[in-house]
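These are the residues of each chain, in order.
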Amino acid sequence: MPAIPSFIRSNPKLAFFALLAVAASGFGQTFFIAIFGGALREEFNLSNSWYGASYSGATLLSAFVLLSAGTLVDRWPLRRVATLGVLMLCGGCLVLAFAQSAWMLLPGFFLLRFAGQGFMTHMGMTTAGRYFTANRGRVIALAALGFPIAEALLPTGGSLMIDTNGWRSVWVIAAAVLFTAVLPALIWLAGDTGNRTTESGDGSDQESSDYTRSQVLRDRGFYCLLPAAPMTPFVVTAILFHQTAIADERGWSMAVLAGAFGSYAAGHLLALFFAGGLVDRFGAQRSLPLALCPMIAALALLALCHSTWVPYLYLALIGIAQAGTGTAGSALWPERYGSTHLGAIRSVSQASMVFSTAASPLLLGFLLDRGWDVQALGLLLAGLILAASLLTLLAPMTTKQKPLTVTA
């Protein structure tokens, strides 16, 4: 049996709980739901605008609900939280599987987006951030590996099953996998972990000094840091959603674009092996603006270069940025505010991320319809990310954050 990595040796079950929860969120992520778009539009005779509006509306609603539901991670035992998340995700799968009219897509999309993209991701990342202190960055990076695992398995497997068994059967199988495999595994991994924050690291955090959500919302530094956290998913969702329009303008074939997404996945996966260590060494708040630099470079490259090699490099840079910002952004809140009320605090950040992924396709679609070209869009997005990165430098450290000490 291989040795357990030292950075999760204090509580490997909770580390893998976080990884599995994040991977299971893939059933409610856009990269999986998108493979059903053609089948759903054909089945219910939907226009692209109606389909897109219903999906964005459900995503926006899920962001608002998450602000309240996200606090359950602080107040309920982990087993109960996991059960709720998986059952709601199963419910979304079954609603779509047995939908007989277009209006049923609305509750189906809501359950998938809330439970998948929102709640399961929130639960996994909160667990990784709360119960590990000394190696928090590495554990969060391990949990984030759930995203590329789901990206590699779910769209490909789902597409193959749609071709052989039809789209409805895929949702039934997804619900069965979640109920019979994922839920029992999460319950076992959660063990008897209760609603009290018990650090698995050095135990240095003191509950009395941890911030509440109301205190965080009165902290001006929070608003300097918050825009940087959802910037990467904002851009990634917009780029993926409008990838065909970008490729058409630049004269890139879909074969080139499909191959380039391999570099995106590789950049995302490989960078996760380094992102956690950097966060643990330098701190999440210092790492976050640096992690956005590859995204700025990627968008500048997209805006200014037209060659066929550009998709491979700019998407690889976006993957690297996604790994870095995801790890630093998730580690930032427990580092800055403590872990006692982490679920409530993270729910604000997670809801802003969900909101951004709902808004960005609509924003870029509107600008494309108004005649903006790829160069203008790329420079606009790069400017927004640069502004968010610079804004983080205005946030002072809190008393809970340790000074930077780098040994020779």
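Placed above this text is the structure.
Predicted model, so just to flag it, every value in this text is computed and none were measured.

### Regarding the side chain of Glu 335
As for its placement among the helices and strands, Glu 335 is situated in helix α18 (residues 310-337). Nearest to the buried, unbridged Glu 335 among oppositely charged side chains is Arg 286, at 5.8 Å. Apart from the residues lying within four places of it in its own chain, the contact partners of Glu 335 are Arg 136, Gly 283, Ala 284, Gln 285, Lys 400 and Gln 401.

### Some remarks on the nonpolar core
Formed by 125 residues in total, the largest nonpolar core has its most connected members in Phe 109, Trp 171, Leu 178, Tyr 314 and Trp 333. Apart from the residues within four sequence positions on either side, Trp 333 is in contact with Phe 222, Leu 225, Leu 226, Ala 229, Gly 338, Leu 342, Ile 345, Arg 346 and Ser 349.

### Considering the pattern of salt bridges
Scanning the entire structure with this criterion turns up four salt bridges. Between Asp 74 and Arg 130 there is a salt bridge, and its shortest N-O distance comes to 2.3 Å. In this pair, Asp 74 is assigned in helix α5 (residues 72-75) and Arg 130 in helix α7 (residues 105-130), connecting sequence segments 56 residues apart. Each member of the pair, Asp 74 as well as Arg 130, is classed as buried.

### A closer look at the packing of aromatic side chains
Counted by the stated rule, this structure contains 14 aromatic pairs. Pairing Trp 333 with Tyr 337 gives two aromatic rings, centres 6.2 Å apart and planes at 10 degrees, and the pair type is stacked. Placement of the pair is Trp 333 and Tyr 337 together in helix α18, with a separation of four residues, close to one helical turn. Trp 333 sits in the buried class, given a relative accessible area of 0%. Here the aromatic residues Tyr 211, Phe 222, Tyr 223, Trp 333 and Tyr 337 are joined through ring pairs into a cluster of three or more. The cationic tip of Lys 13 hangs over the ring face of Trp 188; the distance from NZ or CZ to the ring centre is 4.4 Å. In this arrangement the basic side chain of Arg 80 is found over the ring face of Trp 76, its NZ or CZ atom lying 5.2 Å from the centre.

Parameters and conventions
- Here, residues in each chain are numbered from 1, in the same order as that chain's written sequence.
- Selection of residues for local features in this predicted model requires a pLDDT of at least 70, selection of side-chain atom pairs for listing and counting requires 80 or more, and totals for whole chains, interfaces and linings are taken over all residues.
- The basis for the side-chain values is all heavy atoms of the structure; hydrogens and waters are excluded.
- Strands are runs of DSSP state E lasting at least two residues, helices are runs of H or I lasting at least four, and both sets are numbered from the N terminus onward.
- Burial classes: relative accessible area under 20% of the type maximum marks a residue as buried, over 50% as exposed, and values in between as partly exposed (1.4 Å probe, protein chains only).
- By the counting rule applied here, Lys and Arg register as positive and Asp and Glu as negative, while His and the ends of each chain are not counted.
- When a carboxyl oxygen of Asp or Glu lies within 4 Å of a side-chain nitrogen of Lys or Arg, that pair is called a salt bridge.
- Contacts: residue pairs with any heavy atoms within 4.5 Å of one another.
- The definition of a nonpolar core used throughout is a set of buried Ala, Val, Leu, Ile, Met, Phe, Trp, Tyr and Cys residues joined through side-chain atoms within 4.5 Å.
- A pair of Phe, Tyr and Trp rings is counted when the ring centres sit within 6.5 Å of each other, with Trp represented by its six-membered ring. The angle between the planes then sorts it: under 30 degrees is stacked, over 60 is edge-to-face, the rest tilted.
- In our convention, an over-ring charge means Lys NZ or Arg CZ found within 6 Å of a ring centre and within 35 degrees of that ring's normal.

In short, the description is geometric, and any link to function would need to be established separately.
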